[in-house]
Amino acid sequence: MIGHDQDRVLSNPRFRELVQQRSAFSWTLAAAMLVAYFGFILLVAFAKGFLASKIGSGVTSLGIVLGLGVIVFSFLLTGIYVWRANGHFDPLTRNLTKELRP
Amino acid sequence: MIRIRAAAAVAVLGIACFGAAVLAAGPDVGAVQRQALNWPAIAMFFLFVLGTLGITYRAARQTRSAADFYAAGGGITGFQNGLAIAGDYMSAASFLGISALVFTSGFDGLIYSIGFLVGWPIVLFLIAERLRNLGSFTFADVASFRLDQTSIRILSAVGTLAVVAFYLIAQMVGAGKLIQLLFGLDYLYAVVIVGVLMIVYVAFGGMKATTWVQIIKACLLLAGATFMSLIVLARFGFSPEAMFAQAVATHPRGDAIMAPGALVSDPISAISLGMALMFGTAGLPHILMRFFTVADAQAARKSVFYATGFIAYFYVLTFIIGFGAITYLMNEPAYYVTTPEGTYDRISGLIGGTNMAAVHLATATGGSLFLGFISAVAFATILAVVAGLTLSGASAVSHDLYASVIARGRASDQREVSISKLAAIVIGIVAIVLGYVFENQNVAFMVGLAFAVAASCNFPVLVMSILWRGTTTRGALLGGLLGLFSAVILVVLSKAVWVSTFGFQRELFPYDNPAVFSMPLAFLGIWVFSKLDSSRRAEAERAAFAGQYIRSETGIGAASAHVH
């Protein structure tokens, strides 16, 4: 792609809308994953007693529930991303490429 | 020609496997650990090998172009690729190792499972689609998209080969030991069988055969682990609480297995391990390569979604298997090395070591036939992982070093593929030799080292070249080298190598994993040296970002689906 065409794409409002929305969305999800995971790691490092506490009258500890929770959370996040990308970003990309095609 | 060669390879392998089994049946006093020959396991593994060689034979006939060889012609669907990624990623070490960790210390096993999983969402959100839009065969295609081909390709190839070498050594030694235990084969035979099979898969069948080996292995592993977990859960009326209660009552450490224990001793180690696992996943060359086997960015995205699902499910299963092993095995002396008085160590006394927890549980839940199945699956698992690694290493040699650096883009497709096949053979032979040399070394740190290098060299270079306009060749090169060398040197100075391998009194680097230092160092190096770079080339590279940015975000101009 040569310089002139590039400027045309970069200043295209649809292109700007797509990349702004998508990067905000994917960085938010990435941040959520980082917070969940390193939050869990910091609890393991600093709050062993908290993770050892029992959730009910049985033996199951909060740590096990939270740990399995992080696993489920990771998968849910990927699901949310794919759902939004399929339903929202793909149509935006398609419209954009159609518009840019000479 | 290829057909004849593939057929000959099938025949030779069949004889090799059978011959090795027969030879190994002879008396051998030296190998204390070796078990009696496990015929059901050998028969089932033989079936797996025959099936996959059949696939390799077919794939070899369909593999003509470089796109076929490196990327299976781009004809893999998102779902298939998700399974193949899972098959590439779920190693025997994570199956047996994590269930063993849960068996010995309960909760601590979960820390590793989670670490191995959480890199995947990051790959999806930041890398997968852009990678597919920008590259065609290797991640170096992407890292060098607007940077200097020679230096960035060499850096990426070195990063790839380092990860592949460390990972392969760990896998080969693990394979030899495991097969000795499971099949009753000699260590050397096991290493040679693994090495020869991976050469055949990769050199004849390329990415297509490797993909199908990984898909089949993923299905077998998930099916076996699901079956075991269901039997365990059924025993407790599908109540995890009942299973945990029984485990706490049985385990010598009692209630301590429900809480963080000794695995993570200090906060720095915990965070460092976490960083290596999370960002290392996003820098593993054999995994990144898989994104080029699908048609477009959309399929790449779906493959990560499916892969994350399969891998998450698998780690939940290993957790259940670990607890199942506690409840099933710890009261049964039959699974332990016992003293004449009949006492045994419930944690470390398992026959064959704690890594055999899942294997013994297979006997306890499904009898000897199921034991054979799980043993064969463990062998298949190793094969699928080493095949992916070999293909990735061979591609770094042929596509990055040969085609781009030595031939400067003037090599024909045919020649590039021939070089790749040759490289696969050489890597396979080197892996066999290294596996033999390292037999009695402690190689447990090698997987950690592979992840640390991936997180400290490949990942920063890739991410910065895709996402930051300011990245220049000089910055990426110096920052990447800084990450690579600091990771390797800090591991050498850590306890696992400095004390355990070299025999020095005290380690010079107090933590097990270097990522918390080496990864930021790489990012910092890329940033500083790029900022300081005021050469004309750097100006051109910054200016070229716009074109790369448009293509990475929209897929306009991306390499097509390769399908013909």
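Everything that follows concerns the structure shown earlier in this document.
If you're wondering where the values come from, they're calculated on a predicted model, not measured in any experiment. (Residues numbered from 1 in each chain as written. Chains lettered and ligands numbered in written order. Predicted model: local features only at pLDDT ≥ 70, side-chain atom pairs only at ≥ 80, totals over all residues. Heavy atoms only, no water.)

Asks: How should the packing of helix H7 (residues 119–134) of chain B against helix H14 (residues 297–329) of chain B be read in this particular structure?
Replies: Two quantities define a packed helix pair, namely the angle between the axes and the distance from one axis to the other. Residues and elements named next belong to chain B. For the pair H7 and H14, interaxial distance at closest approach is 8 Å and the crossing angle is 155°. Relative to H14, the element H7 lies roughly antiparallel. Where H7 crosses over H14, the handedness of that crossing is right-handed. Contacts from Trp-120, Leu-124, Ala-128, Glu-129, Arg-132 and Asn-133 in H7 reach Ala-297, Ala-300, Arg-301, Val-304, Thr-308 and Ile-311 in H14. Of the residues that constitute the contact of H7 with H14, the class distribution is 7 nonpolar, 2 polar and 3 charged. (Axes fitted to C-alpha atoms, helices over the stretch in contact; angles between N-to-C directions. Helix = DSSP H or I, 4+ residues; strand = E, 2+ residues; numbered from the N terminus. Parallel < 35°, antiparallel > 145°, perpendicular 65-115°, else oblique. Left-handed = near helix turned anticlockwise from the far one by under 90°. Contact = heavy atoms within 4.5 Å. Nonpolar A, V, L, I, M, F, W, Y, C, P; charged D, E, K, R; others polar.)

Asks: Looking at this model, I keep getting lost on the interface of chain A and chain B. Mind explaining?
Replies: Accessible area lost when the parts come together is the quantity often used to give the size of an interface. Listed as interface residues are 50 residues of chain A and, on the opposing side, 48 residues of chain B. Together, the buried faces of chain A and chain B total about 4400 Å²; carbon and sulfur atoms form 79% of this surface. Counting across the chain A and chain B interface gives 3 salt bridges. There are 9 residue pairs in polar contact (both at pLDDT 80 or more) connecting chain A and chain B. For the side of chain A that touches chain B, the secondary-structure elements that each account for two or more residues are helix H1 (3–11), helix H2 (13–46), helix H3 (48–52) and helix H4 (62–100) of chain A. Looking at the side of chain A that touches chain B element by element, the count peaks at 20 residues for H4(A). In terms of residue class, the side of chain A that touches chain B is built from 33 nonpolar, 13 polar and 4 charged. (Buried area = accessible area lost by both parts, 1.4 Å probe. Salt bridge = Lys/Arg side-chain N within 4 Å of Asp/Glu carboxyl O. Polar contact = N/O pair within 3.5 Å; in protein donor to acceptor, adjacent residues only side chain to side chain.)

Asks: When you look at a nonpolar patch on the surface in this model, what are you seeing that I'm missing?
Replies: All names here are of chain B. Taken together, the side chains of Leu-188, Val-192, Val-196 and Tyr-436 define a hydrophobic patch exposed on the protein surface, amounting to about 310 Å² of accessible area. Among the elements that line the nonpolar patch, the one with the most residues is helix H10 (residues 187–235), at 3 residues. With respect to the helices, strands and loops of the structure, Val-192 is situated in helix H10. (Patch = residues over 30% accessible without salt bridge, like charges linked within 9 Å, V, L, I, M, F, W, Y side chains within 5 Å. Areas by Shrake-Rupley, 256 points an atom, 1.4 Å probe, with all protein chains shown as cover.)

These values are about where atoms sit, not about what they do.
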